[in-house]
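# Structural overview for review
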Amino acid sequence: MTLHDRYLAVPVEGAVVRCHYVWLRDNCWCTECRVSQTQERKLCTASIRADIAPESVALDDDGTLRVAWNDDHVSAYTAAWLRTHDYSDQARADRRLEPVLWDATFSVPTFEHDEVLGSPQAQIAYLEAVRDYGVALVRNTPSVLGEVERFAQEIGHVRETAFERIHNVRHDPSGYSVAHTPAELIPHTDLPGYHWPPSIQLLHFLVNEATGGDSTVTDGWSVLADLRAEDPAAFENLCRVPVPFQVFSDDEDTFATVPIVELDTDGRVRTFRFSNHLVQPLDTHFDDVEAFYAAYRKLGLMIASDRYKVVFKTSSGDLLTVHGHRVMHGRLAFDPTSGARHLQDVYMEYDDLMARRRVLLGTHKPMPAAPGVA
Ligand SMILES: [Fe+2]
Ligand SMILES: [Zn+2]
């Protein structure tokens, strides 16, 4: 074990894990530093002295690290905890799960309704498909009004919006959205008029007997990865130029001015919104307008091409899940006189689905850092 100026290099199971003193002290798991009942932090991080450092360190035979600090405190950390929380670039890269990008050749992962709701393993598989591909299809969902809400409540929580809790999508000459007409819906993400649009959408086909109306799904992150590689300047424009989006009805309104692409702190796409029919007049720097349009049109032509779009016929009882910040959905035009077509959809949050997976796996509670402390 080596003590450096501000950090410690600890041998852990054949490797070396580097931990800053302040980070180790902050993560003490003793009953003085944690609330035993809830495992929440009790130690006030701001109260840790700026020159925190060990006075002595020791490794037990089982690899447990023991530190006596210069603030008269003693802490312990198991090898398993140190390995699990290794924050080296390599360890963080190894833990990172990359989305599996797809194009028009993709087959949407398919599950059975009764299995997803009846078996934890099947439900975990469904949730992992949503995580990895951003889309999943659940077949043989009972064609009962409100069933989509019941399904949502089993796997998470309904996200309320300005519009109905359960949306009915069918031919409706008085509807507020192009979805209520029989026209084609080109690939889009829903409710871009929110700064945080719903990140999950469930679309339940109660009855789908009309001619036409095939469904489409398109992996927006896949399109963006190609655009970023082919034309980095265009990608950068889509990340930078704010675009106004609005969705409204007679009684409700949503309006947000946000770039089409938002990145996370590692520069990866976090949020993508694309909804041709809901963009309002651009209100940005004069010099940005033409470059933005060039990038936006390039993106739009890629989305409209046959390269990325998966087209498939949904039948009654199909329940489609899409990641609303990643995968665009759409449909071809249909003939409203040829048969009934009625969907119900609800919105949810991706975080709740991933939390549901962790709870089913029993991995959601933090690992104790110290031996013998639960
Ligand atoms: Fe939609
Ligand atoms: Zn402590």
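Just so it is clear, the structure is predicted and the values come from calculations on it, not from any experiment. (Residues numbered from 1 in each chain as written. Chains lettered and ligands numbered in written order. Predicted model: local features only at pLDDT ≥ 70, side-chain atom pairs only at ≥ 80, totals over all residues.)

## Some words on the overall build of the chain
Helix and strand content of the chain: 10 helices and 22 strands. For the C-alpha atoms alone, the extent of the chain along its principal axes is close to 80 × 55 × 40 Å. Sequence-distant contacts, at least 24 apart, represent 74% of the contacts inside the chain between residues at least 6 apart. (Helix = DSSP H or I, 4+ residues; strand = E, 2+ residues; numbered from the N terminus. Contact = placed C-beta atoms within 7 Å.)

## Overview of the sheet that holds strand 4 (residues 54–59)
Pairing between the strands of a sheet comes from backbone hydrogen bonds, and it takes one of two forms, parallel or antiparallel. Pairing within the open sheet is antiparallel, and its three strands lie in the order 4-5-6. Unpaired on one side and paired on the other, strand 4 and strand 6 (74–77) mark the two borders of the sheet. Taken over all neighbouring pairs, the strand axes of this sheet differ in orientation by 15 degrees on average, direction set aside. Two strands pair when backbone bridges link them, and strand 4 and strand 5 (residues 65–69) are joined in this way by five bridges, in the antiparallel orientation. The residue bridging Val57 from the neighbouring strand is Val67, located in strand 5. (Pairing = 2+ DSSP bridges. Axes fitted to C-alpha atoms, helices over the stretch in contact; angles between N-to-C directions.)

## Comments concerning the sheet that holds strand 20 (residues 327–331)
The sheet built from four strands is open, its strands ordered 10-20-13-18 with antiparallel pairing. Looking at strand neighbours, the two that pair on one side only are strand 10 (185–188) and strand 18 (310–312), the edges of this open sheet. For this sheet, the mean angle separating the axes of adjacent strands, direction not counted, is 15 degrees. Where strand 10 and strand 20 come together, two bridges link them in antiparallel fashion. Its bridge partner being in strand 20, His188 is matched across the sheet by His329. Along the sheet, helix 7 (residues 220–230) contacts strand 13 (215–219) and strand 20; its crossing angle with strand 13, the most-contacted strand, is approximately 40 degrees.

## Comments concerning the domain arrangement of the chain
Here the chain is described as being made up of domain 1 (2–95) and domain 2 (110–359). The C-alpha-based centres of domain 1 and domain 2 are spaced at 43 Å. (Domains from an automatic or database assignment.)

## Re the packing of helix 8 (residues 232–240) against helix 9 (residues 289–304)
Each pair of packed helices gets described by two things: the angle between the helix axes and the distance between those axes. Running from N to C, helix 8 and helix 9 point in directions that differ by 105 degrees, and their axes come no closer than 9 Å. One element, helix 8, and the other, helix 9, form an angle in the roughly perpendicular class. Residues Ala234, Asn237 and Leu238 of helix 8 pack against Ala291, Phe292, Ala294, Ala295, Tyr296, Lys298 and Leu299 of helix 9. Class assignment for the residues of the contact of helix 8 with helix 9 results in eight nonpolar, one polar and one charged. (Parallel < 35°, antiparallel > 145°, perpendicular 65-115°, else oblique. Nonpolar A, V, L, I, M, F, W, Y, C, P; charged D, E, K, R; others polar.)

## With respect to helix 9
In this model helix 9 runs 22 Å from its N-terminal to its C-terminal C-alpha over 16 residues, within 8% of the 22 Å that 1.5 Å per residue would give. Along helix 9, the positions that sit buried rather than exposed are Phe292, Ala295, Tyr296, Leu299 and Ile303. For helix 9, the buried positions fall inside an angular range of 95 degrees around the axis, keeping them on one side. Among the exposed residues of helix 9, those pointing more than 90 degrees away from its buried face are Glu290, Arg297 and Leu301. Structurally, helix 9 contributes buried residues whose contacts are with strand 10, strand 13, helix 7, helix 8 and strand 20. (Expected span 1.5 Å × (residues − 1). Buried ≥ 20, exposed ≤ 12 C-beta atoms within 10 Å, placed from the backbone. Arc of directions from axis to C-beta.)

## Describing the packing of helix 7 against helix 8
Running from N to C, helix 7 and helix 8 cross one another at 125 degrees; their axes reach a closest spacing of 5 Å. Between helix 7 and helix 8, the crossing angle belongs to the class labelled oblique. Residues Leu224, Leu227 and Arg228 of helix 7 touch helix 8, and the partners they reach there are Pro232, Ala234 and Phe235. When its residues are assigned to classes, the contact of helix 7 with helix 8 shows five nonpolar, no polar and one charged.

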